[in-house]
Amino acid sequence: SHRDRYDSGPKPHRSHPMRAPLFLLFCLLLSPSLTAQEAVRREVLPNGLTVIVRPFRAAPVVAVQAWVRAGSVTEGSLMGSGLSHYFEHMLYKGTQTLGPGDFSAKIRACGGADENAYTTYGRTVYHFTILSKHLESGFGLLADIFTHATFDEEEARKEQEVILREIRHGRG
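Residues numbered from 1 in each chain as written. Predicted model: local features only at pLDDT ≥ 70, side-chain atom pairs only at ≥ 80, totals over all residues. Heavy atoms only, no water.

Colleague: Teacher, can you tell me more about the pattern of salt bridges here?
Modeller: When charged atoms on two side chains of opposite charge get close, those side chains can pair. Enumeration according to the criterion identifies four salt bridges in this entry. Put simply, E159 and K93 hold a salt bridge, and the shortest N to O gap is 3.2 Å. Of the two residues, E159 sits in helix α4 (residues 153–168) while K93 sits in the loop between α1 (83–90) and α2 (102–109), which places them 66 residues apart along the sequence. The closest approach of N and O atoms between R157 and E154, which form a salt bridge, is 3.1 Å. One end of the pair is R157 and the other is E154, both in helix α4 and three residues apart, which spans about a single turn. (Salt bridge = Lys/Arg side-chain N within 4 Å of Asp/Glu carboxyl O. Helix = DSSP H or I, 4+ residues; strand = E, 2+ residues; numbered from the N terminus.)

Colleague: Hey, could you run me through the packing of α1 against α4 in this one?
Modeller: Geometrically, a packed helix pair is captured by the angle between its two axes and the distance between the axes. Contact geometry of α1 with α4 gives a least axis separation of 10 Å together with a crossing angle of 125 degrees. With respect to α4, the element α1 is oriented oblique. Crossing angle aside, the handedness with which α1 passes α4 is right-handed. Taking contact as the criterion, the partners of H85, Y86, H89 and M90 in α1 are, on α4, E155, A156, E159, V162, I163 and E166. Partitioning the contact of α1 with α4 into residue classes produces five nonpolar, two polar and three charged. (Axes fitted to C-alpha atoms, helices over the stretch in contact; angles between N-to-C directions. Parallel < 35°, antiparallel > 145°, perpendicular 65-115°, else oblique. Left-handed = near helix turned anticlockwise from the far one by under 90°. Contact = heavy atoms within 4.5 Å. Nonpolar A, V, L, I, M, F, W, Y, C, P; charged D, E, K, R; others polar.)

Colleague: Explain the side chain of T124 here, please?
Modeller: Mapped onto the elements of the fold, T124 is located in strand β6 (residues 124–131). Reaching out from T124, the side chain makes a polar contact with the backbone oxygen of A70 at a distance of 2.7 Å. If we ignore the near neighbours within four places in the chain, the residues touching T124 are A66, W67, V68, A70, S84, E88, Y118 and T119. (Polar contact = N/O pair within 3.5 Å; in protein donor to acceptor, adjacent residues only side chain to side chain.)

Colleague: Any chance you could explain the pairing of β6 here in plain terms?
Modeller: The side chains of a regular strand alternate between both faces of the sheet. Of all the eight residues making up β6, six are buried; the element is thus mostly covered by neighbouring parts of the structure. In this structure, strand β5 (residues 113–119) lies alongside β6, joined through five bridges in antiparallel fashion. Note that in β6 the partner of T119 across the bridge is T124. Hairpin connection from β5 to β6: four residues lie between these consecutive antiparallel strands. (Buried < 20%, exposed > 50% of the residue type's maximum accessible area, 1.4 Å probe, protein only. Pairing = 2+ DSSP bridges.)

These figures capture arrangement, not role.
Next comes the structure, spelled out in structure tokens:
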């Protein structure tokens, strides 16, 4: 199960999470060739996606984070319902080309570790660490869950139970 934080409480109204600016991608690039930290680079792509790269070349891995500007505060009239938290879980449960569990398996096949997500008031963050030589595959997997999630009914029922259990145990 993914580690989640669901925050509730009165917050100002914002647009629906899927209409909010899509996401902020944060890449921490690591490679064995250099041990000193390099300057952080920030670029806004033509589609509005902000990419931040902070090289630290101490190991041949890359940590990838996708920050979605969608949390409990963006749920509009459904604020406090957990819709953003639900979406967070469901994006991992299958796409048009990936079945449940396939995303995690493919991340592991890329030397991956630390694959997880969490939801707060104003954002949902998806993150993983993979071998840097598989960065393009990692981006492809991330793009797939954001653009082709299927929201299968059976998986939705299972995740509803997982989320309720997390809330009961203080992790949701």
